Amino acid sequence: MAQKFQMEIAAMAHTQSLSLLPRNAHSGPFIELRQSLPSKVEVISPFADQLMRFILKFRSADGTEADIEMALHEALANAVIHGNGENSYKRIYVECRCYMDGEVSITVRDEGRGFDSSALPDPTVLENLLFTHGRGIYLIKTLMDEVAFEEGGAVVMMRKKSNANSAEQRKP
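**Q** Before we go on, may I ask you to explain the packing of helix α3 (residues 65–83) against helix α4 (residues 136–143) in this structure?
**A** Working note: a packed helix pair is described by the angle between its axes plus the distance between those axes. In the contact formed by α3 and α4, the axes pass within 9 Å of each other and the chain directions differ by 150°. Considering their axes alone, α3 and α4 lie roughly antiparallel with respect to each other. Crossing hand, α3 versus α4: left-handed. Residues Asp67, Met70, Ala71, Glu74, Ala75 and Asn78 of α3 form the contact with α4, whose participating residues are Gly136, Ile137, Leu139, Ile140 and Leu143. Split into classes, the residues belonging to the contact of α3 with α4 amount to seven nonpolar, two polar and two charged.

**Q** Which parts of the structure should I look at to understand the nonpolar core?
**A** Of all hydrophobic cores here, the largest spans 32 residues; its most connected members are Leu51, Ile55, Leu76, Val94, Ile106, Val108 and Met158. Looking at this core, the elements with two or more residues in it are β2 (26–38), α2 (44–58), α3, β3 (91–99), β4 (104–109), α4 and β6 (155–160). In this structure Val108 touches Ala75, Leu76, Ala79, Ile92, Tyr93, Val94, Ala154, Val155, Val156 and Met158, once residues within four positions along its chain are discounted.

What counts and what doesn't
Residues numbered from 1 in each chain as written. Predicted model: local features only at pLDDT ≥ 70, side-chain atom pairs only at ≥ 80, totals over all residues. Heavy atoms only, no water. Axes fitted to C-alpha atoms, helices over the stretch in contact; angles between N-to-C directions. Helix = DSSP H or I, 4+ residues; strand = E, 2+ residues; numbered from the N terminus. Parallel < 35°, antiparallel > 145°, perpendicular 65-115°, else oblique. Left-handed = near helix turned anticlockwise from the far one by under 90°. Contact = heavy atoms within 4.5 Å. Nonpolar A, V, L, I, M, F, W, Y, C, P; charged D, E, K, R; others polar. Core = buried A, V, L, I, M, F, W, Y, C linked by side-chain atoms within 4.5 Å. Buried < 20%, exposed > 50% of the residue type's maximum accessible area, 1.4 Å probe, protein only.

Next comes the structure, spelled out in structure tokens:
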């Protein structure tokens, strides 16, 4: 059953490119994966699992994997639910760059109108603590090292810095 579902996700995800290229602002090379997905909630977890396996092939485990995965889940859920309104005819576009030093950059783009990220209520304020929604952007910003919104909020760019130093510190 799990194998069949994984094959269905692979069929829904369209790989656009996989390349090893230099980057101007970063001194090291990276490998890039671009995929598009249908706006369906049920594809979020299987795709996130697949992307995390890709990331871990190029990044040493350092304890921040759960942070990256949670931020990815939140960004995908926001794109599907809020950005595209769960319209399965619309797509989500994901670009993931894994730099050889361990830095990871993930961009999630939806086909929605976007939103004003500065107008979101603070979920840590007392009057918002009991709300059952409104924590996704806060979590993304907390879990990732850098987060930026472009195209009116229809694009979220997340970055987790290199873990090369933490991997070196763990060596005996």
